[in-house]
Structures are given as C-alpha cells and as structure tokens.
Amino acid sequence: MNHKPISARTRELLNAYGLKLKKSLGQNFLTDSHVLNKIIRAAELNKDSGVIEIGPGIGALTERLAEQAGKVVAVELDQRLVPVLKELFQHQPHVEIIHGDALEVDLGAVIQEHMRDMKTLHVVANLPYYVTSPILIRLLTERYPLTNIVIMIQKEVADRLAAKPGTKDYSSLSVLVQYFAEAEEVAKVPSHVFVPRPQVDSAVARLTLRERPAVEVKNEELFFKIVRASFAQRRKTLLNTLHATLFARVNKQQVEAWLNEAGIDPKRRGETLNLEEFATLVDVIDQKLTTLS
C-alpha cells in the first residue's frame, strides 16, 4: 500500500478534527515512516498474530499493524481521538478501538474476547514517557501470554532495560525486565521525527518473553521487594540499604550473616548484583524469615 507522508497525514487529521495535542497525556505523534517500518519488523507479525496497541494516537502505526496482523486492538486514553480512529478503521473489521487507560483496562478480557483465534500475541506501543515503567511492569508481572513487546520509549529508559550490573543504567527495572524477557534496543529515534518535538531522544526496544523466568526463586514477591530495596539508596552498601529499607526490625548483624551465607560481600552495592546473585540472596533470606516466624 502507498502511504501518504506521515507528517502531512498527521497535520491533516489534526486540522480536520480541530484537535490540539495534550501535554498532560504525553502526546508526541511519530512522523517518520522509516521508524514505523522498524517497529513493524521488530514485532515479527503475520496473519496469525494478535496485537494490542497502547496509545494509537491518530493511527499511523495502527494502519501498519492492520496490514500485517490478523487482529489489532488499539487502546486509546484520549476520548477525543476515539471517533477519529473509529472512522479511519471503519472498513477494517479486524481492528478494534477501545477507549480506556492501559493501566486499568482488563487486558485479560481483551485477549479472551478478541485474540482467541490468534497463534501469537504481541504488544506494540508508542508509550508516553511518564507511564513507561508502570505499563511495562503490568504487562510482565501479570503474565499475559505474549510473544514480544515492542515499544518506543525515552532513550534513557530504553538504556535501562538491557543494562548490565555495575553500569549507571542498571536499575530495579533492568532486573525486573530481564527476569521476564530478553531486552534489546532495535533503533534510535531522534526527537525531530515527532509532532510536537519532545526534548529528549527516543528508542525502539523489543522484549522477547521467556518461557520461564531467567532465574528460579521460591518467593517471587520477596524477590521483587529485595530488588527494589537494593536500588533505593544506590550509594549505600547492600547491608545498610537492606537493613534500613526492609529489615530495620532485624539485628543488623543478622542481615550481614544472610549476605555472607549467600556469598555476597555486605559492602557491595545493590547495583553490582546480577540476577543469579539476587535469586540466591532471596532464597537465603526467605528461608531465614520462615525460621524466624
């Protein structure tokens, strides 16, 4: 299909419907077809693929997804854009437009209702910067049967997803994402390809979901608590951080003994631990807390 230059299409639609973008919703519409192509290629779609698109905006990416996938459900928060999208895709019955907040919509019900005949399930999104982490955490921890997640996000956040231990970008989000998925950066996206132009560059990242988590832990809830706590005060040692944030009621020497039993120097910082070390530490602490109770 021949596509009208996306920057012209964006401005025409905004003008035709008398729409102004809302800063409060983090709306930055992509105007570069080359970047769209990279997103589509990264998602690896076919007619047996079902796609949930978060934040379709005025449908530039939705249009490409509709060409490649067997089913597309686009979830849009901005009520003003919903009639625009429904009109644009009124002759494509395999495209559904849903008004709602991606953090609140019952995605399990969406999958059950619209994706039952699809062999693979994907999430594709141009995410507003301010909701990137909450949406990613929801998609991963609620364990939807996803093949991959392809997202355009702030470059700084993309750097965190695949960051290695000991680097400045390594964070609790890095650990959580890598626990559930293999993360990679697909493309860098300069700020000038958006309307309006954001103040920072973006990147396209792909998360390929693992069949099982990267490490095995007996208490997953405790795993995530300890990971978050370990990064809460980056300049402090792991001993001081864990004692201050999670185990203030436990004797500090006891926390030190747990770290030593897990083979982790109490003077290390949380940002230096890899997933295997976190898993070992959590299993030790879980066993000790069970004994104490």
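The numbers attached to residues start from 1 for each chain and follow its sequence in the written order. A pLDDT threshold of at least 70 governs which residues receive local features in this predicted model, and a stricter bar of 80 or more applies before side-chain atom pairs are shown or counted, although totals over entire chains, interfaces and linings include all residues. Each side-chain value is derived from all of the structure's non-hydrogen atoms; neither hydrogens nor water enter the calculation.

Trainee: Lay out the side chain of R206 with the relevant residues and their values.
Mentor: Relative to the helices and strands, R206 is located in strand β9 (residues 202-209). A distance of 2.9 Å separates the side chain of R206 from the backbone oxygen of A42, its partner in a polar contact. Those residues in contact with R206 that lie beyond four places of it in its chain are A42, E44, N148, I149, V150, E182, A183, E184 and V186. What counts as a helix is a DSSP run of H or I of at least four residues, what counts as a strand is a run of E of at least two, and both are numbered from the N terminus. By the criterion applied in these results, polar contacts are pairs of N or O atoms within 3.5 Å in which, for protein atoms, one can donate a hydrogen and the other can accept it, and in which residues neighboring in sequence qualify only through two side-chain atoms. By definition in these notes, contact holds between two residues if any of their heavy atoms fall within 4.5 Å.

Trainee: Before we move on, can you summarise the packing of aromatic side chains with the specific residues and values?
Mentor: Stacked, tilted and edge-to-face pairs are distinguished by plane angle, under 30 degrees for stacked and over 60 for edge-to-face with tilted covering the rest, among Phe, Tyr and Trp rings (Trp via its six-membered ring) whose centres lie within 6.5 Å. With the rule as written, the count across this model stands at eight aromatic pairs. Judged by centre distance (5.4 Å) and plane angle (80°), the rings of Y179 and F224 are edge-to-face. Within this pair, whereas Y179 is found in helix α8 (residues 172-180), its partner F224 is found in helix α9 (residues 220-230), the two being separated by 45 residues in sequence. The exposure classification of Y179 matches that of F224, with both residues buried. Plain terms: the ring middles of F247 and W258 are 5.3 Å apart, the flat faces sit at 90° to each other, and that makes the pair edge-to-face. Taken together, the positions of F247 in the loop between α10 (238-245) and α11 (252-261) and W258 in helix α11 put the pair 11 residues apart, joining distant regions of the chain. Here F247 matches W258 in class, with each residue buried. Linked through ring pairs, Y179, F180, F223 and F224 together constitute an aromatic cluster. Throughout this description, buried means an accessible area under 20% of the type-specific maximum (1.4 Å probe, protein chains only), exposed means over 50%, and partly exposed covers the range between.

Trainee: I'd love a proper account of the sheet that holds strand β6 (residues 148-154), names of residues and values included.
Mentor: Pairing between strands requires that DSSP locate at least two bridges from one strand to the other. Across the sheet, which stays open at both edges, the seven strands sit in the order β4-β3-β2-β5-β6-β9-β7 with mixed pairing between neighbours. At either margin of the open sheet sits one strand with a lone partner, and together these are β4 (95-99) and β7 (181-189). Within this sheet the neighbouring strands show an average axis-to-axis angle of 20°, counted without direction. As judged from the five bridges shared by strand β3 (residues 71-76) and β4, these two strands associate in the parallel manner. The residue of β4 that forms the bridge with E76 is H99. Relative to β6, helix α2 (residues 33-43) is tilted by about 150°, and along the sheet it contacts β5 (120-126), β6, β7 and β9. Axes here mean lines fitted to C-alpha atoms, for a helix over just the part in contact, with angles spanning 0 to 180 degrees between N-to-C directions.

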